[in-house]
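# Tertiary structure, described
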Amino acid sequence: MEITEIQLRRMDTGNKMKALAAVIFDDSFIIHDIRVIENEDRMLVVMPSRKYPDGSFGDIAHPLNSDMRQRIEQAVLNEYQKK
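Just so we're clear, the structure is a prediction, and the values are computed from it rather than from any experiment. (Residues numbered from 1 in each chain as written. Predicted model: local features only at pLDDT ≥ 70, side-chain atom pairs only at ≥ 80, totals over all residues. Heavy atoms only, no water.)

Moving on to the overall build of the chain. Counting its secondary structure elements, the chain contains 1 helix and 6 strands. In the chain, the succession of α and β elements from N to C terminus is β-β-β-β-β-β-α. For a compact globule of 83 residues, the expected C-alpha radius of gyration is about 12 Å, and the chain comes in at 13 Å, within 12% of that figure. Put simply, the chain has 83 residues, and 31% of those count as buried. Across the chain, contacts joining residues at least 24 apart in sequence account for 28% of those joining residues at least 6 apart. Element-wise, carbon and sulfur atoms account for 47% of the exposed surface of the chain, whose accessible area totals about 5700 Å². Each charge class in the chain was averaged separately, 12 positive and 14 negative side chains, and the resulting centres sit 5 Å apart. (Helix = DSSP H or I, 4+ residues; strand = E, 2+ residues; numbered from the N terminus. Rg over C-alpha atoms; globule rule 2.2 N^0.38 Å. Buried < 20%, exposed > 50% of the residue type's maximum accessible area, 1.4 Å probe, protein only. Contact = heavy atoms within 4.5 Å. Areas by Shrake-Rupley, 256 points an atom, 1.4 Å probe, with all protein chains shown as cover. Lys, Arg positive; Asp, Glu negative; His and termini not counted. Charge placed at Lys NZ, Arg CZ, Asp CG, Glu CD.)

Turning our attention to the pattern of salt bridges. All told, the structure shown has 4 salt bridges when counted by the stated rule. With its nearest N and O atoms 3.6 Å apart, the salt bridge here joins E40 to K16. Remark: K16 occurs in the loop between strand 1 (3–10) and strand 2 (17–25) and E40 occurs in the loop between strand 3 (29–38) and strand 4 (43–46); sequence separation between them is 24 residues. E79 is the salt-bridge partner of K82, the closest N and O atoms lying 3.7 Å from each other. Placement of the pair is K82 and E79 together in helix 1 (residues 66–82), with a separation of 3 residues, close to one helical turn. For K82, a relative accessible area of 66% corresponds to the exposed category. (Salt bridge = Lys/Arg side-chain N within 4 Å of Asp/Glu carboxyl O.)

In this section: the environment of V45. Relative to the helices and strands, V45 resides in strand 4. The class for V45 is buried, based on a relative accessible area of 9%. On a C-alpha basis, the gap between V45 and R69 in space is 9.4 Å, while along the polypeptide they are 24 residues apart. Residues contacting V45, with those up to four places away along its chain left out, are I34, R35, E73, V76 and L77.

Following this line, the structure appears as C-alpha cells:
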C-alpha cells in the first residue's frame, strides 16, 4: 500500500493543533482528520479518533504496524514542512 497523496490544511487557531491532513493510499482509499499537533519538544501526528460515552477515546483508523505508522507520520510531517 503506497501513499499517493497528502492533502493538508493548516489551522491558525492559536492552539496546539497546527493542521488537519487526509492521506490517500493507492489512489483509491482516503483517511481524513489526521491531526498535526505541536508538543513541547516535537510535532506529533495523531490518527482520527472518537470519544466514547465513558469519556475514553479510541482511534477510528490506525496503522497496524510501526513501519506503516512511521511512513504516514513522515509523509504528513514532510507535507506540513513544505507548506
